[in-house]
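# Descriptive analysis of the structure
Chain by chain, the residues:
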Amino acid sequence: LQLQESGGRSVQPGESLRLSCAASGSNGVYYPIAWFRQTLMNEREGVSVISSSGDRTKYADSVKGRFTISRDNAENAVYLQMSDLKPEDTAVYYCAAQSLATMSLNLDKIWYDRWGQGTQVTVSS
């Protein structure tokens, strides 16, 4: 399974942005996919995760009400719609897949074993 993020760019505070994560090589198997973000000063933190079928989602407190995760399995894609962006949302955003099945959705990076290369999001006036 390979993952590729896109959609990152520079925006002003309050604007919206949608990130995409394209998956390939899954051979018809769908995994929970999460978005993480990382800055130079901080560890990689989980932002949001969606179940393999798309019926369950989970968000970090810092983005609840502003970010929405979704997926289109027919297109092998996962999206992160970000609204009301703040300077503290500035980071490299990564998507990741969890190939080991668990009962709950996880935002801890230890559960994820497939990662994309990342896309930069910068929020600045």
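This one's a predicted model, so the numbers in the text were calculated from it and none came from an experiment.

## Examining the packing of aromatic side chains
Under the definition given, this model contains four aromatic pairs. The interplanar angle of 75° and the centroid separation of 5.2 Å between the aromatic rings of F36 and Y112 together place this pair among those described as edge-to-face. In this pair, F36 sits in strand β4 (residues 33–38) while Y112 sits in the loop between β9 (91–97) and β10 (114–115), placing the two residues 76 residues apart along the sequence. Given the relative accessible area of 0%, F36 is considered buried. Look at Y94 and W115: their rings are 6.5 Å apart centre to centre, the planes differ by 80°, and that puts the pair in the edge-to-face class. One end of the pair, Y94, is in strand β9; the other, W115, is in strand β10, and 21 residues separate them in sequence. For Y94, a relative accessible area of 13% puts it in the buried group.

## What to know about the state of the cysteines
Under the defined criterion, the tally for this structure stands at one disulfide. Here C21 is linked by a disulfide to C95, with a sulfur-sulfur distance of 2.1 Å. Judged by the sign of its S-S torsion, about 70°, the cystine formed by C21 and C95 is right-handed. Placement of C21 in strand β3 (residues 17–24) and of C95 in strand β9 is noted, with a sequence separation of 74 residues between them. Look at C21 and you get buried, because its relative accessible area is 2%. Looking at C95, the relative accessible area reads 0%, which means it is buried.

## Structural notes on the pattern of salt bridges
Summed over all chains, the structure comprises six salt bridges. Here D84 makes a salt bridge to K86, at a shortest N to O gap of 3.6 Å. The class for K86 is partly exposed, based on a relative accessible area of 28%. Put simply, R37, E45, R66 and D89 are held in one network by salt bridges that share partners.

## Regarding the sheet that holds strand β7 (residues 67–72)
On the basis of which strands lie adjacent, the open sheet formed by four strands has the order β1-β3-β8-β7 and antiparallel pairing. Both outer strands of the open sheet, β1 (2–6) and β7, are each paired with one neighbouring strand and no more. Geometrically, the sheet is characterised by an average inter-axis angle of 15° between neighbouring strands, direction not taken into account.

## Thoughts on the environment of N73
With respect to the secondary-structure elements, N73 resides in the loop between β7 and β8 (77–82). Taking the C-alpha atoms as reference points, N73 and Y31, separated by 42 residues in sequence, lie 10.0 Å from one another. N73 has contacts with Y30, S52 and S53, leaving out every residue within four places of it along the chain.

Analysis parameters
Residues numbered from 1 in each chain as written. Predicted model: local features only at pLDDT ≥ 70, side-chain atom pairs only at ≥ 80, totals over all residues. Heavy atoms only, no water. Phe/Tyr/Trp six-rings, centres within 6.5 Å; stacked < 30°, edge-to-face > 60°. Helix = DSSP H or I, 4+ residues; strand = E, 2+ residues; numbered from the N terminus. Buried < 20%, exposed > 50% of the residue type's maximum accessible area, 1.4 Å probe, protein only. Disulfide = S-S within 2.5 Å. Salt bridge = Lys/Arg side-chain N within 4 Å of Asp/Glu carboxyl O. Pairing = 2+ DSSP bridges. Axes fitted to C-alpha atoms, helices over the stretch in contact; angles between N-to-C directions. Contact = heavy atoms within 4.5 Å.

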